[in-house]
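Structural overview for review
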Amino acid sequence: MDFAVPNEWVEFGDALIKFIDREVAPLEHEHRSLLGSERTIYTEEGRFVPAVLELRRTVRKRSAELGFYTAFGAEALGGGGLGAQAAVYVQERLNTHCGPGRTLVQAVVLPSPFTNGLSPVLKHLDPDVLAEHRDGLASGDKTMCFALSEPDAGSDVFGMRTRAVRDGDDWVISGSKQWITNSPYADYAMIFAITDEEKVAARNGGISGFFVRTDTPGFSVPSVIPIMGHLGADIGIVHLDQLRVPDRQRLGPLHKGLSVAMGGVNTGRLGLAGACVGMARWALHQALDYVKVRKTFGRLIAEHQAVQIMLAECAMDIYAVKSMLRHCAWLIDEGRSATKEVSMAKACATEMVSRVVDKAIQVHGAIGLTNELRLEEAYRWARVLRIPDGTAEIQRRTIARRLLSGDTEI
Ligand SMILES: Cc1cc2nc3c(=O)[nH]c(=O)nc-3n(C[C@H](O)[C@H](O)[C@H](O)COP(=O)(O)OP(=O)(O)OC[C@H]3O[C@@H](n4cnc5c(N)ncnc54)[C@H](O)[C@@H]3O)c2cc1C
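First, a word on scope: everything that follows refers to the structure included in this document. Sequence positions are assigned chain by chain, starting from 1 and proceeding in written order. Given that this is a predicted model, residues contribute local features only at a pLDDT of at least 70 and side-chain atom pairs are listed and counted only at 80 or more, while totals for whole chains, interfaces and linings are drawn from all residues. The side-chain numbers reported here are obtained from all heavy atoms of the structure, hydrogens and water having been left aside.

On to the site of the ligand. Surrounding the ligand, one finds 18 residues, the nearest of these being F146, S149, S155, T391 and E393. Interatomic distance of 2.7 Å between a side-chain N/O atom of S149 and a nitrogen atom of the ligand. Here a nitrogen atom of the ligand sits 2.9 Å away from a polar atom, N or O, in the main chain of W179. Here, Shrake-Rupley sampling with a 1.4 Å probe gives the accessible areas, and only protein chains in the shown set may cover a residue. Considered on its own, the ligand offers 980 Å² of accessible surface; in the complex 63% of this is hidden by protein. Classification convention: Asp, Glu, Lys, Arg as charged; Ala, Val, Leu, Ile, Met, Phe, Trp, Tyr, Cys, Pro as nonpolar; all other residues, Gly among them, as polar. Split into classes, the residues belonging to the shell around the ligand amount to ten nonpolar, five polar and three charged. Here a residue counts as near a molecule or strand whenever at least one of its heavy atoms sits within 4 Å of it. Counted as a polar contact is a pair of N or O atoms within 3.5 Å, where, for protein atoms, one must be capable of donating a hydrogen and the other of accepting one, and residues adjacent in sequence contribute only when both atoms are in side chains.

In structure tokens:
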């Protein structure tokens, strides 16, 4: 395994950061009266106001024009085909550079790894259907959401109640989805529904995926779900009422939707882990800057051993996860099985960033708790990540199951 970072990735990272600094940050500055407060970002119901959606669309489209938005999409989908190692590297750099300041507008410079842009899930779509919709998604003009979870089906997907019933060449889907990111604003939804009750009861398949336009009658997002101190959200509840979808819009083989979904989720877990390493590095840099200016008891706090220990522990934590992640991404690029490694990376990275941000706040004292430094925002961001894309406990369950089934290579 080669630890040298190829020039191609470095140049990509440099260009992406330059784009953010030269085009996106000034745009945010120009619209600071809109973006400066959640009271102006969200409507009373907690949805993004149209001006925010338009800004995000502008940034997505510009990022696509410059080739950033599709760089990690598979070549088979017309994407740049940059692999897992490059994705982890770029996510890390992006988050180290931007920190939590990347929320909202900067967050859409790259699509989320499997729910938007040239998502790997789209590889399971009929080529003619894909051809009809691909360009809108690749250009950043249109967005998607990924609707798997339900009120009774989070970790345990087989608790799903949404059903798709065959009617001629169509499927008719009814049910309810919950916690669906970008659902209030998406043009398309990847929806997973029961197509064979017996298989689901036996926990052996029986769920299928469908690609749906959200303007199809029967699709609605009655409410959003604000979380962790926010006044609004991009997470919504989706109602599906007799939604009619042609069979040609199925995602992958009948009854095999869960493996289609999990393929996407695994890609997301790795990208998220890269972002965690970047955010942790950002927080450590804040702490390192601060300890060199703040004095107590007549000396810089950098000279107090208790503070030094916190800094050292942050570095140890980041280095361990960064190394793990590089290896995990390398396994994926080599085409090797990495199910338990991805779970380890997701669990370790999300837990690590919580510990690091917590220590960075501690190093700052009271000022670490203020909104101004954005460490508290990073803290909330980090806390959230231990739940989506498989909770910390579900990652451990996957790791243990792999170990017990003979996958003991560490
Ligand atoms: C910010 C955010 C965005 C999300 N976006 C999406 C999205 O776009 N699309 C989508 O489909 N879903 C999305 N989700 C839903 C997410 O995938 C689920 O919340 C997650 O899978 C956990 O399900 P749950 O919330 O129902 O918790 P539950 O499954 O009810 O779990 C509750 C607790 O029990 C533990 N637990 C459950 N089963 C076991 C077990 N077997 N062993 C040990 N512990 C167990 C869990 O770890 C957890 O601590 C999102 C969630 C969040 C918070």
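A separate point is the side chain of H133. Topologically, H133 is positioned in helix α6 (residues 127-138). Residue class for H133 comes out buried when judged on its relative accessible area of 9%. The criterion used for residue contact is that any of the two residues' heavy atoms lie within 4.5 Å. Once you skip the residues sitting within four places of it in the chain, H133 turns out to touch Y188, F211 and R213. In this description a helix means any DSSP run of H or I spanning at least four residues, a strand means any run of E spanning at least two, and both kinds are numbered starting from the N terminus. For every residue, the accessible area (1.4 Å probe, protein chains only) is compared with the maximum for its type, and the residue is labelled buried under 20%, exposed over 50%, or partly exposed between those bounds.

With that out of the way, let us pick up the packing of helix α8 (residues 257-291) against helix α11 (residues 375-384). In a packed pair of helices, the relevant descriptors are the angle between the two axes and the axis-to-axis distance. Angles run from 0 to 180 degrees between N-to-C directions of axes, and those axes are lines fitted to C-alpha atoms, restricted for helices to the stretch in contact. Where α8 meets α11, the axes come as close as 11 Å, and the angle between the chain directions of the two elements is 155°. One element, α8, and the other, α11, form an angle in the roughly antiparallel class. Seen along the crossing, α8 lies across α11 with a hand that is left-handed. Of α11, the residues touching α8 (which contributes A275, C276, M279, W282, A283 and Q286) are L375, A378 and W381. Note on terminology: angles under 35 degrees are roughly parallel, angles over 145 are roughly antiparallel, angles of 65 to 115 are roughly perpendicular, and the others are oblique. The hand of a helix crossing depends on one turn: near helix anticlockwise from the far one by less than a right angle means left-handed, and clockwise means right-handed.

Here we come to the pairing of strand β4 (residues 188-194). β4 sits mainly inside the fold: seven of its seven residues count as buried. On β4, burial covers both faces: Y188, M190, F192 and I194 on one face and A189, I191 and A193 on the other are all buried. Criterion used throughout: strands pair if DSSP finds at least two bridges between them. Relative to β4, strand β1 (residues 144-147) is paired through four bridges, and the arrangement is parallel. Its bridge partner lying in β4, C145 is registered against A189. Where β4 meets strand β5 (residues 207-213), seven bridges bridge the pair, whose relative direction is antiparallel. In the strand pairing of β5, A189 is matched with V212.

Once that is clear, we can look at the side chain of Q395. In this fold, Q395 is placed in helix α12 (residues 392-404). Since its relative accessible area comes to 0%, Q395 is described here as buried. The residues touching Q395, leaving out its near neighbours within four places in the chain, are R269, S343, K346, A347, D389 and G390.

This next bit is on α6. Buried residues of α6: V129, L130, H133, R134, L137 and A138, and no others. One face of α6 carries all of its buried residues, which in axial projection span an arc of 140°. Within α6, the exposed residues directed more than 90 degrees away from the buried face are D128, A131, E132 and D135. On its buried side, α6 packs onto α4 (50-65), β1, β4 and β5. In this structure D126 caps α6, since a side-chain oxygen of it lies 2.8 Å from the backbone nitrogen of D128. Note on α6: the residue one or two positions beyond its end, G140, has a positive phi of about 80°. This arc describes the spread of directions from the helix axis toward the C-beta atoms.

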